[in-house]
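One letter stands for each residue in the lines below.
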Amino acid sequence: MLPNLPFDPRHVLIGGAWRATAATLQLINPSDGSTLCQIARSTETDVDTAVIAAQTALDGAWGRMSALERGRCLTRLGELVLKHTDLLTTLETLDVGKPVTQARADAIALARYCEFYGGAADKVHGTTIPYLDGYTVYTLREPHGVTGHIVPWNYPMQIIGRSVGAALAMGNACVLKPAEDACLTALLFAHLAKEAGFPDGALNVVPGLGSEAGAALARHPGVQHLSFTGSVQTGRTIQTLAAENVVPVTLELGGKSPQIVFDDADLDAALPFLVNAGLQNAGQTCSAASRILVQRGVYDTIAARMADAYRAKTIGPANSDPDIGPLISTKQKARFETLLEAAHDLPSIAETPMPADLPTKGAYVQPRLYGPVPPEHPMAQDELFGPVQVLIPFDTEDDAIRIANGTVYGLVAGVWTADGARQMRLVKALKTGQVFLNNYGAGGGVELPFGGVGKSGHGREKGFEALYGFSTLKTVAAKHG
Ligand code: NAD
């Protein structure tokens, strides 16, 4: 059951006012299949009203606010997020089925995004450019205008923090479309933003279906930048819609990220990262390390130790704080199980035991480790978005690079080796947006620019890089003789 909320989940926030939509959608708790509440089902008209409200904010108090004041609003919002960590954690646990510890980490990360971008708001500036005699030339960093943020259900708080936080810091007015499966923390975030003193319309939230509210936002001619995290298929649709309006898009579309373990690696240090980066959030992580490439000399050891770790993991309802909760929905469970049929010809190394008393209507799936798996096998190529990893043996450094780069994705890679020269060679050879050397921590690191190449998407969020992405550059050339 939901705790008492300081907002009505059936409402949208537009122009500083909460209002009901004509229709609603049911929000389900994936731990047991129970109905949590009804949420707003925003229409094209609601989205249009939100975009107009955002533009009005830009033309008014929000557009006139100094970078310093914007930063202070974000800093206050970060403090309020921290103060409400317990409620945010509870909502994410119920709504996403995320185990308590992992949900709490997301709430703390959301506060950290607000702190980081609050502090950064007045530190992004243009430059002066030496030019012809008689000229002074300089650049200005300016907001795009109205920015659209289409957010998935796997890490609502972190993804809102990294995209909306950076966009607000640069003075954009945001229209946020959270996922239909998980929008409660987005609504609480919006409630807190009002309390933090953001002017009306600086942040608008319109929950609803992707095909309705999401598509209406993506094709709206009043939106000047789009940020999307989710599937390749939807990303392609959004980029196509944005192309009609010729607006920039940031796409973060997931991956099939490898961790590469060489014979000389510190296995004790590597083991927890190898396993947890695959099973965290039940594998529903864009940067999940779903492929583990292991050099032949340590293959048997890694397989045995990862198998032990799989058998020791706990599964259960999110509020019991297990290692692994349910998937987001029975729809995702069905999708995952269909994709998993591709594994029928693969040797299974280990499975996590399923407790007998799991709620029958929960979206639980069994975590599985397979190996050895040929690199071209569908299980080593396709993103399953569930708790499954494959072990792929390799012989030489060149083999490892070829296999690691051998998918359509390129989000994150981890490299485990004591050889410094090899580390540097791998960093250059790997076609990914991030490389972790002797660690793997893509989910964390508010300060670290993040994004992909290939079908993992384009553009960068997080860190200072996001502030450049959420702004545009104006060059001023003054001729004064
Ligand atoms: P999705 O990409 O369809 O949904 C993500 C967001 O996009 C949601 O807010 C959704 O409402 C919105 N959306 C959907 N269709 C839209 C459209 N036509 N126009 C505008 N917005 C739209 O993802 P899904 O169907 O919820 O999940 C399917 C698969 O996507 C997953 O199994 C996984 O492989 C992938 N996924 C990846 C990530 C990631 O972090 N990279 C996150 C979620 C899902």
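About the cut-offs
Residues numbered from 1 in each chain as written. Predicted model: local features only at pLDDT ≥ 70, side-chain atom pairs only at ≥ 80, totals over all residues. Heavy atoms only, no water. Helix = DSSP H or I, 4+ residues; strand = E, 2+ residues; numbered from the N terminus. Buried < 20%, exposed > 50% of the residue type's maximum accessible area, 1.4 Å probe, protein only. Contact = heavy atoms within 4.5 Å. Areas by Shrake-Rupley, 256 points an atom, 1.4 Å probe, with all protein chains shown as cover. Pairing = 2+ DSSP bridges. Near = heavy atom within 4 Å. Polar contact = N/O pair within 3.5 Å; in protein donor to acceptor, adjacent residues only side chain to side chain. Core = buried A, V, L, I, M, F, W, Y, C linked by side-chain atoms within 4.5 Å.

**Here we look at the overall build of the protein**
A count of helical and extended segments in the protein gives 15 helices and 20 strands. With respect to the three principal axes, the spread of C-alpha positions in the protein is 70 × 65 × 40 Å. Across the 481 residues of the protein, 57% fall into the buried class. In the protein, 75% of the contacts between residues at least 6 apart in sequence involve partners at least 24 apart. By element, 54% of the accessible surface of the protein is carried by carbon and sulfur atoms, the whole surface being about 18,400 Å².

**Overview of the sheet that holds strand 6 (residues 135-143)**
Strands belonging to one sheet form pairs held by backbone hydrogen bonds; the direction of such a pair is parallel or antiparallel. In spatial order, the strands read 5-6-20; together these 3 strands make up an open sheet with antiparallel pairing. Of all the strands in the sheet, just strand 5 (128-129) and strand 20 (471-479) have a single pairing partner and so form its edges.

**Quick look at the site of the ligand**
If you check the shell around the ligand, you find 26 residues, and the closest are Trp-153, Lys-177, Glu-180, Ser-231 and Arg-335. A distance of 2.7 Å separates an oxygen atom of the ligand from a polar atom in the side chain of Lys-177. One of the side-chain nitrogen or oxygen atoms of Arg-335 is found 2.7 Å away from an oxygen atom of the ligand. For the ligand, the protein covers 89% of the area, taking 810 Å² as the surface of the free molecule. Listed by contribution, the elements that provide at least two residues to the shell around the ligand are helix 8 (210-218), strand 10 (225-229), helix 9 (232-245) and helix 12 (330-340). For the shell around the ligand, the leading source of residues is helix 8, giving 3 residues.

**Structural notes on the pairing of strand 4 (residues 35-41)**
Strand direction decides the pairing type here: strand 3 (residues 23-28) and strand 4, joined by 6 bridges, are antiparallel. Bridged to Ala-23 within strand 4 is Arg-41. Taken together, strand 3 and the strand that follows it, strand 4, pair antiparallel across an intervening segment of 6 residues, in which Gly-33 is found at a positive phi of about 80 degrees.

**Remarks on the nonpolar core**
Within the largest apolar cluster, 90 residues are counted, with the highest numbers of intra-cluster contacts made by Trp-62, Leu-77, Tyr-117, Phe-189, Phe-198 and Leu-203. If one sorts the elements of this core by residue count, helix 7 (residues 184-196) sits on top with 9 residues. Apart from the residues within four sequence positions on either side, Leu-77 is in contact with Cys-114, Phe-189, Leu-192, Ala-193, Ala-196 and Phe-198. Judged by nonpolar contacts, the second largest core, of 62 residues, contains Phe-262, Val-390, Ala-400 and Trp-416.

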